[in-house]
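Remarks on the overall topology
Chain residues, written in single-letter form:
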Amino acid sequence: MTQQKSPSQVSVNTTAILVINCGSSSVKFSLIRPLTGETLLSGLAECLLSSTARITIKQGEEKQSYKLTAPFNHQAALTVLVEHLRQLNLVQYISAIGHRVVHGGEHYSEPRLITEVVEQAIAQLAKLAPLHNPANLIGIKSCQQAFADLPQVAVFDTAFHQSMPEKAYLYGLPYSLYKEHGIRRYGFHGTSHYFVAKQAAKYLNKPLEQCNLISAHLGNGCSVTVIKNGKSVDTSMGMTPGEGVMMGTRCGDIDAGILFHLVDNLGYAINDVDKLVNKESGLLGVSGLSNDCRTLEKAMLEDNHVQATLALTVFCYRIAKSIASYSASLTQLDGLIFTGGIGENSSWVRTEIVKQLGLLNFSLDEDKNQATRFGASANIATKNARAIWVIATNEEWVIAEQSALLLKNLAK
Ligand code: ADP
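Looking at an unreviewed UniProt entry, one finds the protein chain named Acetate kinase and attributed to Colwellia marinimaniae. Quoted verbatim from the Catalytic activity (unreviewed entry) field of the UniProt record, the comment on the protein chain reads "acetate + ATP = acetyl phosphate + ADP". Under the heading Function (unreviewed entry), UniProt records this for the protein chain: "Catalyzes the formation of acetyl phosphate from acetate and ATP. Can also catalyze the reverse reaction."

Section: the sheet that holds strand 3 (residues 39-46)
Spatially, 5-4-3-2-1-6-8-7 is the arrangement adopted by the eight strands of the open sheet, whose pairing is mixed. If you trace the sheet from one side to the other, it starts and ends with strand 5 (62-67) and strand 7 (112-113), each paired once. The pairing of strand 7 with strand 8 (residues 152-156) spans two bridges and is antiparallel. Within strand 8, the residue paired with Arg-112 across the bridge is Ala-154. This element, helix 1 (residues 74-87), spans strand 1 (16-22), strand 2 (27-32), strand 3, strand 4 (54-59), strand 5 and strand 6 (94-101) of the sheet and lies at about 30 degrees to strand 4.

Details of helix 6 (residues 190-204)
Between its first and last C-alpha atoms helix 6 spans 21 Å; for 15 residues at 1.5 Å apiece the expected length is 21 Å, and the two agree. Burial in helix 6 covers these residues: Gly-190, Thr-191, Ser-192, His-193, Phe-195, Val-196, Ala-197, Gln-199, Ala-200 and Ala-201. Asn-205 sits one or two positions beyond helix 6 and adopts a positive phi of about 60 degrees.

A word on the environment of Glu-61
By the secondary structure assignment, Glu-61 is in the loop between strand 4 and strand 5. Among the residues examined, Glu-61 registers a relative accessible area of 83% and is labelled exposed. In this structure the C-alpha to C-alpha distance between Glu-61 and Lys-368, which are 307 residues apart in sequence, comes to 29 Å.

Overview of the packing of aromatic side chains
Within the structure shown, the criterion is met by six aromatic pairs. Considering the side-chain rings of Tyr-108 and Phe-156, the 4.7 Å spacing of their centres and the 10 degrees angle between planes classify their relative orientation as stacked. Of this pair, Tyr-108 sits in the loop between strand 6 and strand 7 while Phe-156 sits in strand 8, placing them 48 residues apart in sequence. Each member of the pair Tyr-108 and Phe-156 is classed as buried.

Examining the site of the ligand
Lining the immediate environment of the ligand, one finds 15 residues, of which Asn-220, Asp-292, Cys-293, Arg-294 and Gly-341 sit closest. Contact between the ligand and Arg-294: an oxygen atom at 3.3 Å from a main-chain N or O atom of the residue. The separation between a nitrogen atom of the ligand and a polar side-chain atom of Asn-345 is 3.5 Å. Protein chains shield 73% of the accessible area of the ligand, which is 580 Å² for the free molecule. Broken down by secondary-structure element, the contributors of at least two residues to the shell around the ligand are helix 10 (293-303) and helix 12 (340-345). Broken down by element, the shell around the ligand gets its largest block of residues, four residues, from helix 12. Residue composition of the shell around the ligand, by class: three nonpolar, eight polar and four charged.

Side note on unusual backbone geometry
In this structure, the amide linkage connecting Ala-70 to the following residue, Pro-71, adopts the cis form with an omega of 10 degrees. As for its placement among the helices and strands, Pro-71 is situated in the loop between strand 5 and helix 1. Non-glycine residue Phe-72 carries a positive phi angle of around 55 degrees. Within the secondary structure layout, Phe-72 lies in the loop between strand 5 and helix 1.

Examining the pattern of salt bridges
Going through the model one piece at a time under the given rule, you end up with 13 salt bridges. Linking Asp-234 and Arg-185 is a salt bridge whose minimum nitrogen-to-oxygen distance equals 3.0 Å. Here Arg-185 lies in the loop between helix 5 (175-181) and helix 6 and Asp-234 lies in strand 11 (residues 231-235), a separation of 49 residues in the sequence. Each member of the pair, Asp-234 as well as Arg-185, is classed as buried. Salt bridges sharing partners connect three or more residues here, namely Arg-185, Asp-234 and Glu-243.

Structural notes on helix 8 (residues 270-279)
If you check which residues of helix 8 are buried, you get Val-273, Leu-276 and Val-277. Projected onto a plane normal to the axis of helix 8, the buried residues spread over an arc of 85 degrees and lie on a single side. Helix 8 presents Asn-271 and Lys-279 as exposed residues on the side facing more than 90 degrees away from its buried surface. Contact partners of the buried residues in helix 8: helix 7 (256-265).

Rules and cut-offs
- Residues numbered from 1 in each chain as written.
- Predicted model: local features only at pLDDT ≥ 70, side-chain atom pairs only at ≥ 80, totals over all residues.
- Heavy atoms only, no water.
- UniProt positions renumbered as here; feature names shortened; annotations may be inferred.
- Pairing = 2+ DSSP bridges.
- Helix = DSSP H or I, 4+ residues; strand = E, 2+ residues; numbered from the N terminus.
- Contact = heavy atoms within 4.5 Å.
- Axes fitted to C-alpha atoms, helices over the stretch in contact; angles between N-to-C directions.
- Expected span 1.5 Å × (residues − 1).
- Buried < 20%, exposed > 50% of the residue type's maximum accessible area, 1.4 Å probe, protein only.
- Phe/Tyr/Trp six-rings, centres within 6.5 Å; stacked < 30°, edge-to-face > 60°.
- Near = heavy atom within 4 Å.
- Polar contact = N/O pair within 3.5 Å; in protein donor to acceptor, adjacent residues only side chain to side chain.
- Areas by Shrake-Rupley, 256 points an atom, 1.4 Å probe, with all protein chains shown as cover.
- Nonpolar A, V, L, I, M, F, W, Y, C, P; charged D, E, K, R; others polar.
- Salt bridge = Lys/Arg side-chain N within 4 Å of Asp/Glu carboxyl O.
- Arc of directions from axis to C-beta.

So, in structure tokens, the structure goes:
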């Protein structure tokens, strides 16, 4: 059996981390230098477990796609990736694998070297994240086979929010449900909120520990986080990513009574309800057209599509309300951050949200707003108003950086 490299054999400065984000039928991967964030290679294996499974690998401007062979699974994808890395002579630079793990529960507020105990904990937490943690474990097991000599690190999406106080993470449910079954709010998108907060601290030219921020990650999944003295003190997602603002296909907060009504009076089975609130609601459900913000904006602006307009209007109002609600968590506020595919690119969505936040002294410079898209980062606020940054997120870099740092600390 190949011997796994010990953390002391891993040099942070000269090497790269292979970042793996494993879904049930996909694997996203990036080979990143942890100190600079330079991406040496990235790609996506998709449609896994079906005969259309394929992998696309990108290096600089070059892109190569391959069909996967049976058994069309995560292991098959990683075998192609390893072969590709070998041909490019990149394997020698990989010092560790950093895995995005969605749910770390209350156990993990920091990244962890993956051991049997950590694997068992991730497996146990699958009851809180049934769609995500089992897929993350498949990724971990496949990488253990494909990269037997490399240390593997888990970086948890929930970790950044473990600093939330009790008043923010408890539901108004019997306390025993929290104590005995872990039913509480955990929050997600932690690596993204952390990354953009760190970037904002750089713009503010002060340590993150002195920054007070509200960060809106708006992608297919959306969440808003309030950061006090550099730490997450509340966030809109809860025990699952379903809570909070409206999203691409998730409804976000709704009256729990609606669920009973659907089951008791409208003939829904519990699986149908799950599908409805997670896959058929949000922008898609209200518009009846698409979950894709680009499609909806086009339909609204070019075709006067009434329901697309309504979907985007409800979406923005709910996000503005969520941002405003966090004035309860802060006594000072340095600024608001927009990130994620919608936050980074949709000037229309940003305008619509910010125009409802005048009471918090937010106001947009429309020229800067229009100019800041497609990966650009800037403060788009008017001159004397509170800062509003658009910041392109980079969760992969955080995972690479935190994996490398953990291994460096373990080697001391
Ligand atoms: P995920 O949560 O899957 O990582 P992303 O962060 O990539 O999602 O965000 C996807 C969303 O970003 C989609 O709704 C997409 O329409 C939206 N988006 C991407 N580019 C633009 C754009 N130029 N204008 C408006 N919305 C955009």
